[in-house]
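This is what each chain is made of:
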Amino acid sequence: MRGWLDDRRGYMKPVQIGEVMRAGALGYVAKTGKGSKLSVGDLVYGGLGWREWGVYKEKEMRKIVVPKGVDPLDFLGPLGMTGMTAYFGLFDVGKIKAGDTLLVSGAAGATGSVVCQLGKIAGAKVIALAGTPEKCEWLEREVGVDKAVNYKSPNFRQEFKDAVGYIDVYFDNVGGEILDMALLRLKKNARIVLCDSRPYGITGYLNLISQTATMQGFLIFDYAERFPEAIQTLSNWLKEGRIKRKFHVVEGLDKAPEALPLLFTGGNTGKLVVKVGDYQRAKL
Ligand SMILES: NC(=O)c1ccc[n+]([C@@H]2O[C@H](COP(=O)([O-])OP(=O)(O)OC[C@H]3O[C@@H](n4cnc5c(N)ncnc54)[C@H](OP(=O)(O)O)[C@@H]3O)[C@@H](O)[C@H]2O)c1
């Protein structure tokens, strides 16, 4: 979302001043047009934006049928973009396999916390990086990683080296100095999954040559056709209790501008969501 506000070439048209802020959202259908395949009360997902109400084309959204044992909100978390990003990033781009050592940054966040758990399901050793001792404790106790390291610790460089050893897959949510450090810890044929980054003058990339490693960016929208496959698998793991999720819910559309910066200060644990309306009280 932050990237969409920069007026420069990207994978999507930048949001212009005065336009509705773009956002993936869940919503309920309040009224339908003639010939619509949707019904009043249907749960839908789409680029509904930062708004309480809107008039949309049907092709801008898809109907969500909530499987038994999962919550509608999961379609913003492990069964939404977050889960899709974790699933395809780790399995398709990262090609994780049993016995691998997986490093995850932004690990207590929405995407990272799912990546960590998918890593464990795949049989990898998982090292997680997060910005507070509480997040690290949550990652080790609840999420089930092998080791969590606080990247804000004064001894981080040494702690990182001790915990990480050498890695097969690095799922990078943050870029910067941590990416540079990870580049120095690559095993032969390691894979770096660039989920997000920020401008930083990395120097460790020569190891991509010496370790015949790859660093690949990806965009989750390119996997849209395969979302049903991932939703099916992830729903099963949710129902079996193999994936845990945490939501950080901020109430009220007016709080959205205060909520977004939490992603940059680390104010959220798990999926940050702004609740803009209440279905029970909703009427046109
Ligand atoms: N490639 C794609 O298609 C795709 C799709 C979806 C999302 N993404 C990207 O995936 C990333 C994760 O998204 P998310 O929604 O799951 O967010 P998130 O991880 O829930 O929130 C971001 C977390 O990153 C950490 N962080 C922020 N600035 C940092 C920094 N400078 N260095 C280290 N850690 C920092 C913070 O936790 P700490 O307390 O640990 O610092 C914060 O809680 C985002 O960058 C997003 O843009 C990419």
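Throughout this document, residue positions are counted from 1 along each chain, in the order its sequence is written. Thresholds applied to this predicted model are a pLDDT of at least 70 for local features of residues and 80 or more for the giving and counting of side-chain atom pairs; totals over whole chains, interfaces and linings are not thresholded and use all residues. Heavy atoms from the whole structure form the basis of all side-chain values; hydrogens and water molecules are not counted.

Novice: So, the overall build of the chain: which residues are in play, and what are the values?
Specialist: Helix numbering and strand numbering both begin at the N terminus, where a helix is a DSSP run of H or I of at least 4 residues and a strand a DSSP run of E of at least 2. Check the secondary structure of the chain and you find nine helices and 11 strands. In this treatment the radius of gyration is a C-alpha quantity, and the globule benchmark scales as 2.2 Å times the residue count to the 0.38 power. The C-alpha radius of gyration computed for the chain amounts to 20 Å, which stays within 12% of the reference 19 Å derived for 284 residues, consistent with globular compactness. Its C-alpha atoms put the chain at 60 × 45 × 35 Å along the principal axes. The buried share of the chain, reckoned over its 284 residues, is 43%. For this analysis, residues touch if any pair of their heavy atoms sits within 4.5 Å. Of all intrachain contacts in the chain linking residues separated by at least 6 positions in sequence, the fraction that spans at least 24 positions is 51%. Working definition: with a 1.4 Å probe on protein chains only, accessible area under 20% of the residue-type maximum means buried, over 50% means exposed, and in between means partly exposed.

Novice: Lay out helix α1 (residues 81-93) with the relevant residues and their values.
Specialist: Side chains that are three or four residues apart share a direction in an α-helix, a result of its 3.6 residues per turn. Within α1, 10 of the 13 residues are buried, which leaves the element mostly enclosed by the surrounding structure. Looking only at α1, the buried set comprises Thr82, Gly83, Met84, Thr85, Ala86, Tyr87, Phe88, Gly89, Leu90 and Val93. Remark: Lys95 follows α1 within two positions and exhibits a positive phi of approximately 45°.

Novice: Let's hear about the side chain of Asn150: which residues, and what values?
Specialist: With respect to the helices, strands and loops of the structure, Asn150 is situated in strand β6 (residues 147-150). What makes Asn150 buried here is its relative accessible area of 15%. One polar contact links the side chain of Asn150 to the main-chain amide nitrogen of Lys152, over a distance of 2.8 Å. For Asn150, the contacting residues outside a window of four places in its chain are Ala130, Gly131, Thr132, Pro133, Cys136, Phe156 and Glu159. Pairs of N or O atoms are called polar contacts if they sit within 3.5 Å, as long as, within protein, a hydrogen donor faces a hydrogen acceptor (for residues adjacent in sequence, only side-chain-to-side-chain pairs).

Novice: Explain the nonpolar core to me, using residue names and the numbers behind them.
Specialist: Take the buried residues of types Ala, Val, Leu, Ile, Met, Phe, Trp, Tyr and Cys, join any two whose side-chain atoms come within 4.5 Å, and each joined set is a nonpolar core. Leu102, Cys116, Leu118, Leu139 and Leu234 are the most contacted members of the largest nonpolar core, which totals 47 residues. Broken down by secondary-structure element, the contributors of at least two residues to this core are β2 (43-46), α1, β4 (101-104), α2 (110-121), β5 (125-130), α3 (133-143), β7 (167-172) and α7 (227-239). Residue contacts for Cys116: discarding those within four places in its chain leaves Val104, Ala107, Val126, Ala128, Leu139, Val143 and Val145. Judged by nonpolar contacts, the second largest core, of 20 residues, contains Leu103, Phe156, Ile167 and Ala213.

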